[in-house]
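Fold and geometry: a report
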Amino acid sequence: MDTEKTSRRTFLFRLGIAINAIAVALFAIPIVGYVLSPARRFTWLDWIPLGPLTDYPEHQTRLAEYVNPFKKAWDGETAKIPCWVRRLAGDEFQVFAINCTHLGCPVRWFAESELFMCPCHGGVFYSDGRHASGPPPRALYQYKYKVDAGKLWIYAGQLPTLGEPQA
Amino acid sequence: MIDALKSVGRWLDARLQLGSTIAEVAAHPVPRSSASWWYVFGSATLVVFVLQVVTGICLATVYTPAADRAWDSLIYLNYQQPLGWYLRALHGWGSNFMVALMFVHMIQVFLFGAYKFPRELTWVAGCVLLLCTLGMAFTGQVLRFDQNAYWGLGIGASIAGRTPIIGFKIVDLILGGPIIAGETLSRFFALHVFVIPALLIGFVGLHLFLVLRLGINEWPMPGRIVRRNTYLQQYQELVHADGEPFMPFAAQKDLVFAGLIILGLLVVAAIEGPIGPNGQPDPTIIQTVPRPDFFFLWLFSLFALLPPWTETFLMLTGPVAVIGLLFALPFISGTGEKSWHRRPFSVVIVILAVTIIGTLTWLGTFSPWSPVMDAWSAVPTPIDYVKGRTPLELQGAILVQSKQCRNCHSLGGTGGMRGPALDDTATRLTRDQIVRQIIQGGGNMPAYGKNLTPAEVNALVAFLATMHPPGEPPARASSQ
């Protein structure tokens, strides 16, 4: 009598643990999926127009800006992303990300000395993006570009970092 | 009247059952030696945390955690919301106070050996609180959604992006998407107001519970060795032989200090006002010089000064090693001497850590490694340096400005500090050496060979060759 009671009690308790374990595991699936969703795509890139070629005089480097192709309605000013466009000649361009390759601060172009300088830790790059001095471990990031219908297009959308396969 | 109150109290206590617990906590004996002014920093940190919760909730009633509105709502808080400026000041300076008090508390606990047996987990809980508090400081800096917040996120993401293989996915997770945008702010808001505070409250509870249960650490005496088999009994003998009830004997100093801290915070916040925001978080405004808040400046400096080839390795393993050591401390030296008189190595560690972090912070306040981005157009050449110069030399002086040399080199104490000051260049380099340095660069200077015509180089060198103090001749090559 007594043992029967105990075993029924243990059975119910074990069943309770099992049901809850399954329930928690099922519950965790949407939670984890939701939290990890920003990493669901391998790359976040799209072709973005940077305006007509006439905006970019030959042998000059100009600041251009584009709207993040994955923008949300509430992004506000952060949807605008700047980049440096260097037109060598004709359809030959170099489009540099604004972010220093050291730690992502915005590099500034100095046309007189033909250098990009970073205000954070003093990274300096030459006009073709090569590393000139300071802590950056590599040349400036460049976007893929194409010229189509008299416009310059770049393939962009994600923050370039050292681990980025497309950087 | 008093009888009525007493009967209400009795009625409540009969149902709440809290009276005896509170009385027990208030009366628990603490070592007489522990009722010291050195033991007030933990409680003061807790008091400031409670204030942060209060001001934080108030700010959350106005602040708008959406990327397109956050900055506007901060400006509204500063200038239109009645007392909004003061609440923001209290919250911002409160965070500075909390971080500072927490570090003083930690140093005291470390030097007094309070982390040793049986209080190992009190220390571990404290380490979690340290990480949470720094997490609050960083996420709070992001919620002040301005240019520093935007580029600070970029720095954080760039560090995370250096992780091998999965770095770029970690960046997506931190930012809540491929780039700093609306979801980034929302993520950090959720961390700052829900996740980290919940952890903080939970671990503060555990921390306090352990302090009450295990008893406050006694004043360490040289020669009183902590042993696992005898310590608990020795402590009980100590608090009964030479103990006093916590209330009011030890609590009175906590009370006085915490009160002074609150008053100090009220005064500092009133004088200094709210912290930021600076420019709106528009990444196309690149005329910005991003800097982190005070308590992260030392890291910012470290990233400028580490040899670049060690950087990725140290950025990824350094924090793990330091945090791991902190957590492991009570398990490495859980017994033995508590007194700092007998632990010279620990004293050296504290002095080293404080000196290093202090120096790096001080360097961070003026960042000599960064070019001064507007020096070339905003800082004039000292008049003495153009007096009596030839036209060619004057042309060189103009080039020093127009080619942005001043961004990295100072003249007369103004301009960048990245490279050496130019005031005495001619005493260090001969003409030929100056030419080579300009054209080839090197020693962390870019090469200007392609950006200068031979005539420009000639003018620059002519000017720089005049740069020596009146009584000091210019350098000569030994062959001449």
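Calculation notes
Residues numbered from 1 in each chain as written. Chains lettered and ligands numbered in written order. Predicted model: local features only at pLDDT ≥ 70, side-chain atom pairs only at ≥ 80, totals over all residues. Helix = DSSP H or I, 4+ residues; strand = E, 2+ residues; numbered from the N terminus. Buried ≥ 20, exposed ≤ 12 C-beta atoms within 10 Å, placed from the backbone. Contact = placed C-beta atoms within 7 Å. Rg over C-alpha atoms; globule rule 2.2 N^0.38 Å. Nonpolar A, V, L, I, M, F, W, Y, C, P; charged D, E, K, R; others polar. Domains from an automatic or database assignment. pLDDT = per-residue confidence, 0-100. Pairing = 2+ DSSP bridges. Axes fitted to C-alpha atoms, helices over the stretch in contact; angles between N-to-C directions. Expected span 1.5 Å × (residues − 1). Arc of directions from axis to C-beta.

Per the secondary structure count, chain B includes 20 helices and four strands. Overall size of chain B, expressed as C-alpha extent along the three principal axes, is 95 × 55 × 50 Å. Taking all 480 residues of chain B together, 38% fall into the buried category. Intrachain contacts of chain B at a sequence separation of at least 6 include 78% that bridge at least 24 residues.

Moving on, we come to the overall build of chain A. Across its full length, chain A holds one helix and ten strands. Each helix and strand of chain A, placed in order from N terminus to C terminus, yields the pattern α-β-β-β-β-β-β-β-β-β-β. The globule rule puts the C-alpha radius of gyration for 167 residues at 15 Å, and the 26 Å found for chain A is more than 25% above it. In terms of overall dimensions, chain A has a C-alpha envelope of 95 × 40 × 25 Å along the principal axes. Counting all 167 residues of chain A, 39% fall into the buried class. Of the contacts formed within chain A by residues at least 6 apart in sequence, a portion of 46% connects residues at least 24 apart.

Now for the interface of chain B and chain A. At the junction of the two partners, chain B supplies 54 residues and chain A supplies 50 residues. Those elements giving two or more residues to the side of chain B that touches chain A turn out to be helix H7 (147-160), helix H8 (167-175), helix H9 (182-214), helix H13 (297-305) and helix H14 (308-332) of chain B. Across the side of chain B that touches chain A, the residue classes break down as 28 nonpolar, 17 polar and nine charged.

Now for unusual backbone geometry. Of the consecutive residues B:Phe117 and B:Pro118, the connecting peptide bond is found in the cis state with omega at 0°. With respect to the secondary-structure elements, B:Pro118 resides in the loop between helix H5 (84-111) and helix H6 (120-143). Across the junction of B:Gly276 and B:Pro277, the peptide omega takes the value 0°, indicating a cis bond. Take B:Pro277: it is sitting in the loop between helix H12 (251-272) and H13. With a phi close to 60°, A:His59 is a non-glycine residue in the positive phi region. Tracing the backbone through its elements, the reader meets A:His59 in the loop between strand S1 (46-52) and strand S2 (60-67). Despite not being glycine, B:Gln404 has its phi angle at roughly 65°, a positive value. For B:Gln404, the position within the fold is in the loop between helix H17 (391-402) and strand S3 (410-411).

Split by domain assignment, chain B resolves into domain 1 (25-366) and domain 2 (375-464). Measuring from the centre of the C-alpha atoms in domain 1 of chain B to the corresponding centre in domain 2 of chain B gives 45 Å.

Let us now look at the confidence of the model for chain B. When pLDDT is averaged along chain B, the result is 94; 100% of the residues meet or exceed 70. Across the assembled chains, the prediction reports ipTM 0.93 with pTM 0.92.

For chain A, the assigned domains are domain 1 (2-39) and domain 2 (46-156). Once you take the C-alpha centre of each, domain 1 of chain A and domain 2 of chain A turn out to be 52 Å apart.

Residue and element names in this part refer to chain A. Taken in spatial order, the four strands make up an open sheet running S5-S6-S7-S8, and their pairing is antiparallel. Either end of the sheet is taken by a strand with one partner, and the two such strands are strand S5 (108-110) and strand S8 (131-133). Taken over all neighbouring pairs, the strand axes of this sheet differ in orientation by 35° on average, direction set aside. Here strand S6 (residues 115-117) runs beside strand S7 (residues 124-126); their pairing, made up of three bridges, is antiparallel. By the bridge assignment for S7, Leu115 is matched with Tyr126.

Our next topic: H12(B). All names here are of chain B. Given a rise of 1.5 Å per residue, 22 residues ought to cover 32 Å, and the 31 Å separating the end C-alpha atoms of H12 matches this to within 8%. Within the span of H12, buried status applies to Asp254, Ala258, Ile261, Leu265 and Ala269. Burial along H12 is one-sided: seen end-on, the buried residues are contained in an arc of 60°. For H12, the exposed residues set more than 90 degrees away from the buried face come down to Gln252, Val256, Gly259, Leu260, Leu263, Gly264, Val267 and Ile271. Along its buried surface, H12 packs onto helix H3 (41-60) and H5.

Our focus in this paragraph is the sheet that holds strand S4 (residues 92-97) of chain A. All names here are of chain A. Overall, antiparallel pairing links the six strands, which are arranged S1-S10-S9-S4-S3-S2 in an open sheet. With partners counted over all chains shown, the strands left at the sheet margins are S1 and S2, one partner each. On average, adjacent strands in this sheet sit at an angle of 35° to one another, irrespective of strand direction. Of the pairings in the sheet, the one linking strand S3 (residues 80-89) to S4 comprises six bridges and is antiparallel in character. By the bridge assignment, Trp84 is partnered in S4 with Phe96.

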